[in-house]
Amino acid sequence: MITGDSLKNRKFPCGSDGRHVLAWLLTAAVLVTGADTWAWGPRVQNAVVSTAFNLLTKSAGGELGRFRQDVLNGCAVPMSEVDRMYPQYSTDPVNAIMTEMALLSSARRGKFNAYFAFRLGLLGKMVAMYAAPMRDAPATYRNLYYSDADKAIDTIRFEPRPRRPIDGNYFPRLNAEVSTNNELILSEYRAGIGFGGAASQTFSQSASLTVASILDVWTQMLSGNTIQGSVSEAQLRDYVLEGCQYYLANRSMAEFETALKNFSAVVVMTPDLRIRLGDLLYERNLYERAIREYEQALAEAPDRRDIAQRVCRYYLDRGQEQLKQNALEDALKSFEQAVNADALNEEAVKFRVDTEQQIAERDARLEAFRAALKRGAELRNLAEQEIEGKRIAEGISLLTQAEAAFSEVTDEFPMEAQQRNRGIKEVRDRIAQLKNYLVSSVSSYSGSDWKRDLRAAAGSANPRAYEPAVRQYAGSRYTELMQALSNEFKAILDSLDQ
Amino acid sequence: MAEKVLCPFCGQMTDSDKPNCVRCGAPLQVVKPPAGSSLTRCPACGASVDRGDIICTSCGANLLKLAGAAGNIQAAPQEKRAGQNWLRVLGWVLAGIVMLAAVAGAGVAVFWLTRDPVVQARDAAQRGEILTAINQLEKYLTQKPADGPALALLGKLYARAEQFDKACDSLLKALDQPNPDKSWQLAAVAAAARLTGSEAVARQLKVLDRICRSDDVDPRLWRMLAMGYVVSGDRKALTDALGRGKSTGKLDSETLAVGLAAEGDLAAAEKQLRELVVLTPDNGDYPALVGLLLDAQGQSEPAMKFLEKALQNKTTLARWVGLRLGILRLMRGEDQQALNALNQAKIAAPDDPEILYYQAVALRLVGLREEAQAQFERVASMNSDLSGEAAAKLAAIYLEAGEVDKAASAVRQARERGVNTPELEVIHGRVQQALGNPSEAESAFRKAIQLNPDYPVAQLELGLLLVGRQVVAEGVQALEKYLRLVGDNRADTRAAEIEVLVSQLKQSVLSS
């Protein structure tokens, strides 16, 4: 929906204000197609509704001022939207206006709210279009007139008029008063004078009349003196739904919820209404809020299998999506909700069972991972004990087992995976440290067998020491004997006798 | 051959054709009277003197100094006779006396010419004329070389003239003659005993051997002969002597045992000596020999008992006993007892390089590194077969003390001394490793393995080096080979720790 704010706030490449561009486009559309056979041009409509609302606000003490934009939004709706809501407007505008007045009077049960202001703007637009001169003139001159009027809207001077009650003659009298100068204006347009003649001179008067008529309608309706028409529950429900849609499109969810609460004073929230509201929310991707409405509707009408199936489908889809994200608990909850919504849905039951199984398996894995982490930590402690006892290899072996235990943990559980990564890193660092120690410590064994070498040197000594010993012994004996015999035989040698 | 004569100055035998005495250098010409000299009487007192005498036996005057003056003395009476006629009568009287003396001399000459030359020589010898006697006998023996008594006498005369070598020859020749006198054997031994010089023992053994081929030889001569051959190392002669000695029953147990030991029949020698040990329990040499023989037969356990006993009994063979006992103790790991034994050996032979070397080994093993170092340094500086090995051991000690440069120097010294053992290569490798040359260290260890593939220490050091250089797989292979070579004999090794290390390396480093 195009709103006044959105247009005002939108910037165009040419740098002009969005509202001016819209006016130009509308004028061009009227000139080219002549499709819109009613009403003032958009600028005039906006001006008169705005002026009327200002006057209304003044009279109400200014408390309605904050809904000004909603009123203008209602005034700015396209003609097609008016036709959608009131198809009879083109043929019986008074009836449509009266119906709208009756509807708003009925919906006035609650507080004055944004959507009510929007519908007030729409009502103003409908009245403004009805109160426009040249309404029945040929489309060419009518459109030219409205176009010229849009251009001249800034030049008019508002002329206050007294309030008149809306009675059975109000609209025919208004029509007569509006049409007073139609012939003259038409003739001048045909004569080529255009807006420069009577049209221009009567423009302020016509616009002021339009403002007055809008103000009359609004005042009548707000005063509670509205003619009570036959406003059905269906119309009120439509009003509520349209209002909800308006809130969803233009206001926050909090304002929507508040408005919805107020709407409950306007109409009874039937299961159907809740379903439609749910659909509305669903279309806007507000699934959970929609499902709440569905569930509320289902609670109120448990035999509504269609609602049950819709809720079930929603939870199934959500559960499957959660399954994809491995959010098993959430998925299970969704599948349980799906089953709760539609116990006969086999798919939901199957998904619930499968998910429960997956959760059980996952929990088992989690338990196994935690056990593996615990085992890894214990093995690491044992390894440190071995290392303290200088049993490095045993320590390394235990650390390797600890690493294997840690490696059993997968990335499935972030916390456990983090513990695993830390454990593996610590174990690997320790193993590397120990291996370096082991390799570097070997040099301490160098030269350790020196005693063996020395004993080997002793073993390699010649064991035949008896040979020199025997020679020495024999030598000493020989010398002794020789000396003895020499002394003994000396006399014989010295004797020269025979 | 020159004639042997007695030097008139020193009384020793010398060659007659030499101008001077070969013993004392005195001029020999003076021994003979001057040519044409008629001096037969002392110029101082007129007493009769022999040709060649130096001192007058009557007045003690030096005949050589007076020889020149003698002519003058004799010339003077001639001048006086010419001037004093009254003395002519007295001259005739004297001439008559001279004639009588000549007749008497002729008689004496006839007596001398008809005397036995052996008797003459003996007489001359008894008069102290040894040289004359020798000359006479030598001259006589040229005509009658088989005269045993003459040969024996000549031998004795040679001995008296201190020509013991000739004395032995002459006496042996005498013994070779028929019916030799037994005293000649004893005289030959006595002469041989006085032989000196490098060939003395060989000559003595020749004499003894000849004597022992005679009948009824003194058993002590057999003992001497056997012992002599043991000393000389003439195995063949020893065997022959032992054979002959045993057949004559003249060899005593000790001689037989020593001979058998020298022959190499260790068991038989040991058996003989064991009996002697029992018979003479206070003797130290018999248990010493038994212990050494047992040691040589590989029976170290009983050997040590005998060697210990030998030391207790103050054996004269303490040098060998202490050395072998020390070595046996070292081999058994009884290092302190080994050191005690080696200390006793060192007392017996303070400068024996072998004893010093093994004493240094013992000192090192008992933990006295500095003392061991000093001892090895001493041996390394000696000129000995063990100097190189001592230098190698010294290098290991330096290396352990962190004195790498000294260790490298000691390795070089060991090489210069001809040491080319795997042990030295390993030490060289360790030195290179300490100097930061791992490649050279590896080469040295591999060379050690090449020299002796079964030397475990080389495998150990190579393995440790390779593991340290991150070549773990090959290093572990070497360490495993080391363990295989060491086997169960793990004393003085860190094999158990190496085994754990290998296991750890295989489990940890190699498994990843």
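Residues numbered from 1 in each chain as written. Chains lettered and ligands numbered in written order. Predicted model: local features only at pLDDT ≥ 70, side-chain atom pairs only at ≥ 80, totals over all residues.

Quick look at the overall build of chain A
Consideration 1: Within chain A one finds 22 helices and zero strands.
Consideration 2: Counting only residues that meet the buried cut, chain A has 41% of its 498 residues in that class.
Consideration 3: Considering only contacts in chain A between residues 6 or more positions apart, those separated by 24 or more positions represent 68%. (Helix = DSSP H or I, 4+ residues; strand = E, 2+ residues; numbered from the N terminus. Buried ≥ 20, exposed ≤ 12 C-beta atoms within 10 Å, placed from the backbone. Contact = placed C-beta atoms within 7 Å.)

Details of the overall build of chain B
Consideration 1: Per the secondary structure count, chain B includes 25 helices and two strands.
Consideration 2: Relative to its 512 residues, chain B shows a buried fraction of 43%.
Consideration 3: A separation of at least 24 residues holds for 38% of the contacts in chain B among residues at least 6 apart in sequence.

Examining the nonpolar core
Consideration 1: If you look at the biggest cluster of nonpolar residues, it comprises 187 residues, and the most contacted ones within it are Ala188, Leu289 and Ala395 of chain B.
Consideration 2: Counting residues in hydrophobic clusters, the runner-up holds 97 residues, among them Ile166, Leu332, Val339 and Ala348 of chain A. (Core = buried A, V, L, I, M, F, W, Y, C linked by C-beta atoms within 7 Å.)

Focus: unusual backbone geometry
Consideration 1: Located in the positive-phi region is Asn326 of chain A, a residue other than glycine, with phi close to 65 degrees.
Consideration 2: Inspection of the secondary structure puts Asn326 of chain A in the loop between helix 16 (305–324) and helix 17 (328–341).
Consideration 3: In this structure, Lys314 of chain B is a non-glycine residue whose phi angle is positive, near 60 degrees.

Looking at helix 5 (residues 148–160) of chain B
Consideration 1: With 13 residues, helix 5 of chain B ought to run about 18 Å at 1.5 Å a step, and its terminal C-alpha atoms sit 18 Å apart, in line with that.
Consideration 2: Counting buried positions along helix 5 of chain B yields ten of 13 residues, so the element is predominantly enclosed.
Consideration 3: Those residues of helix 5 of chain B not exposed but buried are Ala150, Leu151, Ala152, Leu153, Leu154, Gly155, Lys156, Leu157, Tyr158 and Ala159 of chain B.
Consideration 4: Buried residues in helix 5 of chain B make contact with helix 22 (466–494) of chain A together with helix 3 (117–126), helix 4 (130–143), helix 6 (164–176) and helix 7 (182–193) of chain B.
Consideration 5: Of the residues one or two after helix 5 of chain B, Glu162 of chain B is the one with positive phi, at around 60 degrees. (Expected span 1.5 Å × (residues − 1).)

Let's talk about the interface of chain A and chain B
Consideration 1: Taken residue by residue, the interface counts 50 residues in chain A and 71 residues in chain B.
Consideration 2: Secondary structure elements with two or more residues in the side of chain A that touches chain B: helix 19 (392–407), helix 20 (414–441), helix 21 (450–459) and helix 22 of chain A.
Consideration 3: It is helix 22 of chain A that provides the largest number of residues to the side of chain A that touches chain B, a total of 20 residues.

Side note on the packing of helix 9 (residues 219–232) of chain B against helix 10 (residues 235–248) of chain B
When two helices pack together, their arrangement is given by the angle between the helix axes and by the axis-to-axis distance.
Residues and elements named next belong to chain B.
Consideration 1: Contact geometry for helix 9 and helix 10: axes closest at 9 Å, N-to-C directions at 160 degrees. Regarding the angle of helix 9 to helix 10, the classification is roughly antiparallel. Handedness of the crossing formed by helix 9 with helix 10: left-handed. Taking contact as the criterion, the partners of Trp222, Leu225, Ala226, Tyr229 and Val230 in helix 9 are, on helix 10, Ala237, Leu238, Ala241, Leu242 and Gly245. (Axes fitted to C-alpha atoms, helices over the stretch in contact; angles between N-to-C directions. Parallel < 35°, antiparallel > 145°, perpendicular 65-115°, else oblique. Left-handed = near helix turned anticlockwise from the far one by under 90°.)

Details of helix 12 (residues 266–279) of chain B
Residue and element names in this part refer to chain B.
Consideration 1: Between its terminal C-alpha atoms helix 12 stretches 20 Å, which fits the 20 Å expected from 14 residues at 1.5 Å a residue.
Consideration 2: Those residues of helix 12 lying buried are Ala269, Glu270, Gln272, Leu273 and Val277. Buried positions in helix 12, seen along its axis, are confined to an arc of 165 degrees and lie on one side of it. Residues of helix 12 that are exposed and point more than 90 degrees away from the buried face comprise Ala267, Val278 and Leu279.
Consideration 3: In this structure, the buried residues of helix 12 make contact with helix 11 (253–263) and helix 13 (285–296). (Arc of directions from axis to C-beta.)

A word on the environment of Ala318 of chain B
Consideration 1: With respect to the element layout, Ala318 of chain B can be found in helix 15 (residues 318–331).
Consideration 2: Residues within four places of Ala318 of chain B in sequence aside, it is in contact with Leu311, Gln344, Ala345 and Ala348 of chain B.

Describing the environment of Asp148 of chain A
Residue and element names in this part refer to chain A.
Consideration 1: Secondary-structure assignment places Asp148 in helix 8 (residues 139–152).
Consideration 2: The sequence separation of Asp148 and Ser200 amounts to 52 residues, and the corresponding C-alpha distance is 8.9 Å.
Consideration 3: Not counting residues up to four positions away in its chain, the partners in contact with Asp148 are Gly194, Phe195 and Ala199.

Things to note about the environment of Glu394 of chain A
Consideration 1: Summarising the element assignment, Glu394 of chain A is placed in helix 19.
Consideration 2: For the pair Glu394 of chain A and Ala383 of chain A, spaced eleven residues apart in sequence, the C-alpha to C-alpha distance is 7.0 Å.

Examining the confidence of the model for chain A
Close inspection of predicted coordinates is inappropriate in any region flagged by low pLDDT.
Consideration 1: Summing up the model confidence of chain A, the mean pLDDT is 85 and the portion of residues at 70 or higher is 90%.
Consideration 2: Note that residues 1–37 of chain A has pLDDT below 50 and, in this model, 40 contacts with residues that lie over four places away or in other chains. (pLDDT = per-residue confidence, 0-100.)

Observations concerning the packing of helix 6 (residues 93–107) of chain A against helix 12 (residues 233–250) of chain A
Residues and elements named next belong to chain A.
Consideration 1: Contact geometry of helix 6 with helix 12 gives a least axis separation of 10 Å together with a crossing angle of 75 degrees. Put simply, helix 6 runs roughly perpendicular to helix 12. Two secondary-structure elements touch here, helix 6 through Leu103, Ser106 and Ala107 and helix 12 through Gln235, Leu236 and Tyr239.
Consideration 2: Residues belonging to the contact of helix 6 with helix 12 are distributed by class as follows: four nonpolar, two polar and no charged. (Nonpolar A, V, L, I, M, F, W, Y, C, P; charged D, E, K, R; others polar.)

Overview of the confidence of the model for chain B
All names here are of chain B.
Consideration 1: Taken residue by residue, chain B gives an average pLDDT of 86. The fraction at 70 or more is 89%.
Consideration 2: Between residues 30–38, whose pLDDT stays under 50, and residues either more than four places distant or in other chains, the model counts twelve contacts.
Consideration 3: Across residues 71–79 the pLDDT falls below 50, and counting only partners more than four positions away or on other chains, this stretch makes two contacts in the model.

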